[in-house]
Amino acid sequence: MSISTLESCKKRKRRPKLFGFHTFMESGCPISPTGAFRDNVRQFLSACGELEDYKVEGMSIWCTLLVHESSSIVFPLYTIEEHVRHSPQPYCDQCRCSGWGNHYMSKRKYHWIIPIDCDWNKPLEDGVFDLQTHILHGLIHCNGFGHLLSINGIEGGSGYLCGREIMDLWDRICTNLRTCKVTVEDVSKKKSMDLRLLHGVAYGHSWFGRWGYKFFHGSFGVREQNYNRAIEILSSLELDNIIQDFCGTDLCREMKQIFHNYRDISETLLLTLKDLLRFMLTVKSCASAQKKTIMTTTKPSKRMTLRNKSVVKDKSVNYKRFSAVVAKMDSRWSARRLESAAEVIVNALQEQKAENLGHGGGMSRQKLRDAARMHIGDTGLLDYVLKSMNNVIVGSHIVHRAVNPATRLLEYTIHDLCDGAGISEPGPEISDEPLPPLALETGSDVYSEVVYLYMNVLLNYPESELVALATQAVLDSKHFVKEWPFRDEDDQFLRFKCQVMPSFVDSETDLTAKLPPGELVMIPLHSTVLELKEAAESALRDTYCIMENLGVTDVVNMQKLDDGELLFGAVESGSQVWIQGYGIDSDSKLRYEGGNDKWIVKCECGAQDDDGERMVACDICEVWQHTRCHGIEDSGTVPPLFVCPRCCSSFAPSRTESSFRFLGSDDLLLVPETEYGAERVVFNDDIGMSL
């Protein structure tokens, strides 16, 4: 159900602000903040949001009304401010599974939500964060690190907004507010296909890659090198080799037909699976406007050779709307007169076809010109239009021009379109011999053919562990991230990344852990060292729970400078500075985004951190490992007592030693561990992953 502008405004005490959907949050529309995210989001709420008169679970809500320019639909974008100290779920599961579990806990989270269409006129309710039906749900911590939680376009239930439009909006919000990094767990599907695999093979990146999201980390020990190599293996599968590998199967003939059809209509060579899938997805994107038709070819007779060279040319002919051709003409006649003349010519060809009882038969140029002159006296106009009419579509007809091999005269023929798309007849019927009878439409349901290739080539390639392992590696790569690099503007401010020096205790306990990110601090150009300390102290207190009582005593990089000395000229703007102080609450339960539990992950696939996959802990060593790596299906029940292989081997020596064997390729090496039924895959760069 859409919301009209009038209906939306009636629900407000004062006239609300309305923003254009496709331009909202572009630079300067309506704001252009230059500070840190924690300050920019407040400016956003002040300029763009209207505070609602109700709360959800005690959290404040701002509403921004957006207008879809083409449909005039008005819909709400909600911003919810969640204070973690009062939140029932203060910890962030997304940070924990993204490798950010060691980030200091931010004091606030900001949720951006566009509800499903039917809820646009309803107030938000408790449990809104748990719904999976939102058109958009994104979360950003006040330190600028966030997560895209859900996108639901047309196929996901949205009646007005497609996925690309929603992603464009989300990207503009993140860019304008100067977000640091945003992750997404790509589990998106289309017609039962995982888009991270389909788009990975076709484009070299996931669907989110068009907005700059790149590989972050994989599950089951898959690393970036593994992912890139797997994409390369699948993308470079040659179509001719695929046909050879499918020979002897029931799929060979249909596979060969699909390859042949799309190669015929492509203007470029389709050599690899990447070329084919990318072209098929391009055809799909154009199919709704105009379906494509492919002529199947057979070996021509000698009598047909001349005709085929002039009409078919080994490749299918590209047909264009005559109106589109006219638009590019530099003519002294108007487009309307040119199109009217073309319609007269088409009518003359139809009359000739009717006289031949629908069996074709062309008209010579002179005969066609004379027939059209009965309705149009301007011979110059007719000559100009006839010259342009070759393989063009006029209304629901296609006009061909070819040399009749018998008379050696240029002749025009007309053919009907099948449902406005394909050619009903296979070609101009000039000779007595019949043309090949089959015309195969492509584009009417391209996705069915894409699904066919996806299921049989990518998921069920015959007798190839290499392809199977590469496919699994891509499917196990779900986490992607986009980073907005730190920018130091050319203005009257100094900017620094302030990083808290870890205490001696932190260094001992978290020696191998990556340090949490620094915080952006912006001060006027002619500020002193003391003013930098005060600004850093204020920023860190405002951002992190454990630093509410922080007192900054030293800036390590500037210990030789007195508090009253100017920073300009002494320290370069944009550099990172280290802060020392007191008052950090190291014992707080709200210390880290991932919680304070010190649980250990060490799976035989190589994973050493929580990747969001199902795990089980050994009842002896309490080390967490993937259930899949131990032969337990996701739907299977975990045994009441689980002992990992390492603990088993400590009680009894291994009966079978691991052995190595090549797969017949220099790309992958399979290492079976027969005692536990696990398999480990090693690429040439010696990066391991479980598949």
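Note that this is a predicted model, so its numbers are computed, not measured.

K.L.:
I'm lost on the overall build of the protein chain in this one. Help?
P.N.:
In terms of regular secondary structure, the protein chain is built from 19 helices and 30 strands. Sequence-distant contacts, at least 24 apart, represent 67% of the contacts inside the protein chain between residues at least 6 apart. Of the accessible surface of the protein chain, which amounts to about 34400 Å², a share of 50% is contributed by carbon and sulfur atoms.

K.L.:
So what exactly am I meant to see when it comes to the sheet that holds strand E22 (residues 519-524) here?
P.N.:
The strands that make up a sheet are held in pairs by hydrogen bonds between backbone atoms, and each pair lies either parallel or antiparallel. Taken in spatial order, the four strands line up as E22-E21-E24-E23 in an open sheet, and their pairing is mixed. Looking at which strands have only one partner, the edges of the open sheet turn out to be E22 and strand E23 (551-555). Sheet twist, expressed as the average angle between the axes of neighbouring strands with direction ignored, equals 45°. Inspection of the sheet shows strand E21 (residues 493-500) paired to strand E24 (residues 576-582) by four bridges, in the parallel sense. In the sheet register, Val500 faces E24, and the bridge partner there is Ile579. Contacting E21, E22, E23 and E24, helix H18 (residues 529-543) crosses the sheet at an angle of about 140° to E22.

K.L.:
Is there a simple way to explain the environment of Leu515 in this structure?
P.N.:
For Leu515, the position within the fold is in the loop between helix H17 (504-509) and E22. In this structure Leu515 comes out as partly exposed when scored by relative accessible area, which is 42%. Between the C-alpha atoms of Leu515 and Gln499, which are 16 residues apart in sequence, the distance is 9.0 Å.

K.L.:
Where do I start with helix H12 (residues 335-355) in this structure?
P.N.:
Given 3.6 residues per helical turn, the α-helix brings residues three or four places apart onto the same face. The end-to-end C-alpha separation of H12 is 31 Å, in line with the 30 Å expected for 21 residues at 1.5 Å each. Within H12, the full set of buried residues consists of Leu338, Ala341, Ala342, Val344, Ile345, Val346, Ala348, Leu349, Gln352 and Lys353.

K.L.:
Please explain the nonpolar core as it appears in this structure.
P.N.:
Burial of nonpolar side chains together is a common tendency in soluble globular proteins. Grouped together as the largest cluster of nonpolar side chains are 88 residues, with contacts concentrated most on Trp112, Trp170, Tyr213 and Leu453. No other element matches the nine residues that helix H15 (residues 446-458) contributes to this core. Discounting residues that sit within four places of it in the chain, Leu453 has contacts with Met255, Ile258, Phe259, Leu276, Leu277, Met280 and Leu458. Ranked by size, the runner-up nonpolar core spans 27 residues in total, among them Leu349, Ala372, Met389 and Tyr412.

K.L.:
Could you clarify how one ought to interpret the pairing of strand E16 (residues 397-403) in this entry?
P.N.:
The two faces of the sheet receive side chains in turn, since in a regular strand these alternate between them. Counting buried residues in E16 gives five out of seven residues, a clear majority hidden from the surface. The sheet contact formed by strand E15 (residues 392-394) and E16 spans three bridges and is antiparallel. Following the sheet pairing, Val394 is matched in E16 by His397. Between E15 and E16, which pair antiparallel and follow one another directly, the connecting turn spans two residues, one of which, Gly395, has a positive phi of 65°.

K.L.:
Just to check I follow, could you spell out helix H8 (residues 252-265) for this structure?
P.N.:
The first and last C-alpha atoms of H8 sit 21 Å apart over 14 residues, in line with the 20 Å expected at 1.5 Å per residue. What H8 keeps buried is the set Cys252, Met255, Ile258, Phe259, Asn261, Tyr262, Asp264 and Ile265.

K.L.:
Would you mind going over the confidence of the model for the protein chain with me for this structure?
P.N.:
In regions of low pLDDT, the predicted coordinates are not meant to be interpreted in detail. Looking at the protein chain as a whole, the pLDDT averages 81, with 80% of positions reaching at least 70. Low pLDDT, under 50, characterises residues 1-6; the predicted model gives this stretch 15 contacts beyond four residues in sequence or across chains. When the criterion is pLDDT under 50, residues 419-443 qualifies, and its contacts beyond four places in sequence or with other chains add up to 73 contacts.

K.L.:
Explanation requested: the state of the cysteines in the structure shown.
P.N.:
What makes a disulfide is a covalent bond joining the sulfur atoms belonging to two cysteines. Under the defined criterion, the tally for this structure stands at zero disulfides. Cys644 takes part in no disulfide bond, and the closest cysteine sulfur to it belongs to Cys647, at a distance of 3.6 Å. You can call Cys644 buried: its relative accessible area is 2%.

K.L.:
Please clarify how the pattern of salt bridges should be interpreted in this entry.
P.N.:
In a structure, side chains of opposite charge can pair up when their charged atoms sit close to one another. Under the criterion given, the structure shown has 28 salt bridges. Put simply, Arg42 and Asp39 hold a salt bridge, and the shortest N to O gap is 3.8 Å. Taken together, the residues span about one helical turn, with Arg42 and Asp39 both in helix H2 (residues 37-48) at a distance of three residues. Relative accessible area serves as the criterion here: at 37%, Asp39 is assigned to the partly exposed category. The residue Asp383 makes a salt bridge to Arg365 at a minimum N-O spacing of 3.3 Å. Linking Asp383 in helix H14 (residues 379-388) with Arg365 in helix H13 (residues 365-373), this pair joins segments that are 18 residues apart in sequence. By relative accessible area, Arg365 is classed as partly exposed at 29%.

Quick notes on the rules
Residues numbered from 1 in each chain as written. Predicted model: local features only at pLDDT ≥ 70, side-chain atom pairs only at ≥ 80, totals over all residues. Heavy atoms only, no water. Helix = DSSP H or I, 4+ residues; strand = E, 2+ residues; numbered from the N terminus. Contact = heavy atoms within 4.5 Å. Areas by Shrake-Rupley, 256 points an atom, 1.4 Å probe, with all protein chains shown as cover. Pairing = 2+ DSSP bridges. Axes fitted to C-alpha atoms, helices over the stretch in contact; angles between N-to-C directions. Buried < 20%, exposed > 50% of the residue type's maximum accessible area, 1.4 Å probe, protein only. Expected span 1.5 Å × (residues − 1). Core = buried A, V, L, I, M, F, W, Y, C linked by side-chain atoms within 4.5 Å. pLDDT = per-residue confidence, 0-100. Disulfide = S-S within 2.5 Å. Salt bridge = Lys/Arg side-chain N within 4 Å of Asp/Glu carboxyl O.

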